[in-house]
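# Understanding the architecture of this molecule
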Amino acid sequence: MKKMEKFRKLGLSENVIDILRSMGFENPSEIQEKAIPFALEGRNILGTSMTGSGKTLAFSSAIIERIVPEKIIKALVLVPTRELAEQVSEAIKKFSKGNLKVIAVYGGVNIQNQMRQMRGTDVLVGTPGRILDHLNRQVLRLNKVEILVLDEFDRMLDMGFAHDVGKIIDSCPKERQTMLFSATNSPDIDHLVKRYMPNSVNVSVESYVDHSKLEQVYYDVPDSLKFPLLVNLLKEESSHLVMIFCSTRRNADFVVANLNNIGINAKAIHGGLDQKKRINVLNEFHENKGLNILVCTDIAARGLDIKGVTHIYNYDLPAVSKDYIHRIGRTARAGKEGKAVNILSQRDYDNFSNITKREEVDIKEVKLPFLERIELIKPKRNFGGRSSGGGDFGRRSPVRRSSGGKSPVRRSPRRNSSREDNFGRRGSRSAPRSSGRGSSGRSQGRSFGRRRNFDSIRS
Ligand code: AMP
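Residues numbered from 1 in each chain as written. Predicted model: local features only at pLDDT ≥ 70, side-chain atom pairs only at ≥ 80, totals over all residues. Heavy atoms only, no water.

## Focus: the nonpolar core
In this structure, I63, V77, I92, V125 and M179 are the most contacted members of the largest nonpolar core, which totals 42 residues. Beyond its immediate stretch of four places on either side in the chain, M179 contacts A39, R43, I45, F59, A62, I147, L148, V149 and L150. Counting residues in hydrophobic clusters, the runner-up holds 32 residues, among them M243, F245, I306 and L317. (Core = buried A, V, L, I, M, F, W, Y, C linked by side-chain atoms within 4.5 Å. Buried < 20%, exposed > 50% of the residue type's maximum accessible area, 1.4 Å probe, protein only. Contact = heavy atoms within 4.5 Å.)

See below:
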């Protein structure tokens, strides 16, 4: 088949095909193949896919092919984070080749300037909080919106945007096309679809993870050896770009401070940094400016489209499996190989059990290497709040040898086993099911996922 022919078959116009060709696109991705024909027909769509799958073009196709620019907001794209707002608005600008005025709005920047920029906008991309703010100030009207996109919707729910999103939807005309994209499904999403998206079609990509390209491993270590193991792996593994995930800002800062202290260049992005700093760090990271290691929290890293990430380290295991799926989705993209490394200590056992219940999660245990002693420092900042347990501050990690890949259940309790965890519980944790050396971790652990109640959305 001729190059670009598949895009043509989906119903895209020659103009758009030329633009895609100039961007180096040759064939549609799976989600594009499935969603674009419906998007162009104006159907409501529930799409299950994550960043990296090409979903931005999937929903943008409707915007760029169907919106006639009239300097009035006709398409609204809601996204969970500022970074994603910038990324999606840039993508739509490119896809429309300047034909549409696309503006990104989000909190943390001057609202007056934003109001001025919004004048004459055709496509508004933004975070729910700031858009609601503009609506409340009556400087934004959405009564001409023809296309509404809810992108990374599961994350918007996680971030507590359900109510804001409901109010924004209510400000749009009832006659419109709505496309909702989410990496995971939930009863809350089904509820929203029933309520706001009649006759919608479901499109989903089969698997979140390409097992032939992504290797998932875990190490089971005492808490005090998490950092030495991380350093060992960073030095031993041949990598390009590396993302290290922590569950809290505090832990992210702890990891960065200690990596820097031993001469390893790394920077953090998390919600505690202002927008300018986050953008600078991100640019340094993905524009190959010498920063190869990014330490981040889930929220800050959500949805980022960074090419060339070869390794994901989970310094803390995430509490919910969909965060794990999002994390590992940062690597092994566009046919490239990737590795997800889980550094598991007792405080992660419950989370690990929860994560490994999912079908697509198949994590092999790896034997601990010999680890060098590393002096740990405490970051300069004075942190408020409590940690989810990065707190090795000021302690010295003893020189220890590998225990030879023992199963987590055979370990003796750690000294910090009574530390309070993310969920405010105390007490020693149950280990994930014994998977034994070299086996894959799948378990029957308890589920700690939070339930969100969609009834908070007003119709
Ligand atoms: P997305 O999941 O929409 O954030 O897209 C992830 C990355 O894949 C972006 O850098 C896109 O520019 C790129 N991309 C999306 N669709 C295609 C395609 N059909 N061919 C090549 N690259 C693509």
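On we go from here.
## Looking at the pattern of salt bridges
By the definition in use, this model includes 22 salt bridges. When the shortest N-O distance is used, the salt bridge between E30 and K34 registers 3.0 Å. Within this pair, E30 and its partner K34 are both found in helix α3 (residues 30–41), separated by four residues, close to a single helical turn. One network of salt bridges, in which partners are shared, links D223, K226, D316, R347 and D348. (Salt bridge = Lys/Arg side-chain N within 4 Å of Asp/Glu carboxyl O. Helix = DSSP H or I, 4+ residues; strand = E, 2+ residues; numbered from the N terminus.)

## Some details on unusual backbone geometry
Notably, Q138 is not glycine yet its phi reads approximately 60°, a positive angle. Of note in this structure, N199 is not a glycine but carries a positive phi near 55°. In this structure, N199 sits in the loop between α10 (187–196) and β7 (201–204). You can call N199 exposed: its relative accessible area is 67%.

## So, the sheet that holds strand β1 (residues 45–48)
Within the open sheet, the seven strands sit side by side as β3-β4-β2-β5-β6-β1-β7. Their pairing is parallel. The open sheet has two edge strands with one neighbour each: β3 (102–105) and β7. Strand-to-strand twist of the sheet, defined as the mean angle between neighbouring strand axes without regard to direction, takes the value 15°. Of the strands in this sheet, β2 (75–78), β4 (123–126), β5 (147–150) and β6 (177–182) touch helix α4 (residues 55–66), which is tilted by about 165° from β6. (Pairing = 2+ DSSP bridges. Axes fitted to C-alpha atoms, helices over the stretch in contact; angles between N-to-C directions.)

## Section: the packing of α3 against α4
When two helices pack together, their arrangement is captured by the angle between the axes and the distance separating the axes. At a closest axis distance of 8 Å, the pairing of α3 and α4 adopts a crossing angle of 25°. Judged by the inter-axis angle, α3 sits roughly parallel to α4. Along this stretch, α3 crosses α4, giving a crossing that reads as right-handed. Within the contact between the two elements, α3 uses I31, Q32, A35, I36, A39 and L40 and α4 uses K55, L57, A58, S61, A62, E65 and R66. Of the residues contributing to the contact of α3 with α4, the split by class is eight nonpolar, two polar and three charged. (Parallel < 35°, antiparallel > 145°, perpendicular 65-115°, else oblique. Left-handed = near helix turned anticlockwise from the far one by under 90°. Nonpolar A, V, L, I, M, F, W, Y, C, P; charged D, E, K, R; others polar.)

## Observations concerning the pairing of β2
Regular strands have side chains that alternate between both faces of the sheet. On β2, burial covers both faces: A75 and V77 on one face and L76 and L78 on the other are all buried. Relative to β4, β2 is paired through four bridges, and the arrangement is parallel. Residue L78 lies in a different strand from β4, and its bridge partner there is G126. Here β2 pairs with β5 via four bridges, running parallel.

## Some words on the confidence of the model for the chain
In this model, the chain carries a mean pLDDT of 81, and residues with pLDDT of at least 70 account for 80%. Counting contacts from residues 382–459, a segment whose pLDDT is below 50, to residues more than four positions away or on other chains yields 201 contacts. (pLDDT = per-residue confidence, 0-100.)

## Remarks on the side chain of S96
In this fold, S96 is placed in helix α5 (residues 82–96). For S96, the residues in contact, after removing those within four places along its chain, are I19 and I64.

## Thoughts on the side chain of Q114
As for its position among the elements, Q114 is in helix α6 (residues 111–118). Exposure remark for Q114: the relative accessible area of 2% places this residue in the buried category. Setting aside chain neighbours within four positions, we find Q114 in contact with A104, V105, Y106, V109, R130 and H134.

## Section: the packing of aromatic side chains
Considering all chains together, one arrives at four aromatic pairs under this definition. Between Y218 and F352, the ring centres sit 4.7 Å apart and the planes meet at 55°, which makes this aromatic pair tilted. Here the residue Y218 occupies a position in strand β8 (residues 214–220), and F352 occupies one in helix α16 (residues 349–355), the gap between them amounting to 134 residues. Overall, Y218 belongs to the buried group, its relative accessible area being 0%. According to the relative accessible area criterion, F352 is buried, its value standing at 2%. One cation-aromatic arrangement involves K226 over Y315; the distance from NZ or CZ to the ring centre is 5.4 Å. (Phe/Tyr/Trp six-rings, centres within 6.5 Å; stacked < 30°, edge-to-face > 60°. Lys NZ or Arg CZ within 6 Å of the ring centre and 35° of its normal.)

## Points about α3
All of the buried residues along α3 are I31, Q32, A35, I36, A39 and L40. Projected onto a plane normal to the axis of α3, the buried residues spread over an arc of 130° and lie on a single side. Contact partners of the buried residues in α3: α1 (5–9), β1, α4, β6 and β7. (Arc of directions from axis to C-beta.)

## Notes on the state of the cysteines
Note on terminology: a disulfide is the covalent bond linking the sulfur atoms of two cysteines. Scanning the model with the defined rule gives zero disulfides in all. C296 supplies the cysteine sulfur nearest to C246, a cysteine that is in no disulfide, at a spacing of 7.9 Å. (Disulfide = S-S within 2.5 Å.)

## Topic: the environment of N202
Checked against the element boundaries, N202 lands in strand β7. Among the residues examined, N202 registers a relative accessible area of 60% and is labelled exposed. Through-space distance from the C-alpha of N202 to that of L180 is 9.8 Å; in sequence the pair is 22 residues apart.

## Things to note about helix α11 (residues 226–236)
The buried fraction of α11 is high, at nine of 11 residues. Turning to α11, its buried residues number three or more, namely K226, F227, P228, L229, L230, V231, N232, L233 and L234. Its buried side turned inward, α11 meets β8, β9 (241–245), α12 (249–261), β11 (293–296), β12 (309–314) and β13 (338–344).

## Comments concerning the pairing of β7
Burial of β7 is one-sided: the residues V201 and V203 facing one way are buried, the residues N202 and S204 facing the other way are not. Here β1 pairs with β7 via four bridges, running parallel. Bridge assignment links I45 to a residue of β7, and that residue is V201.

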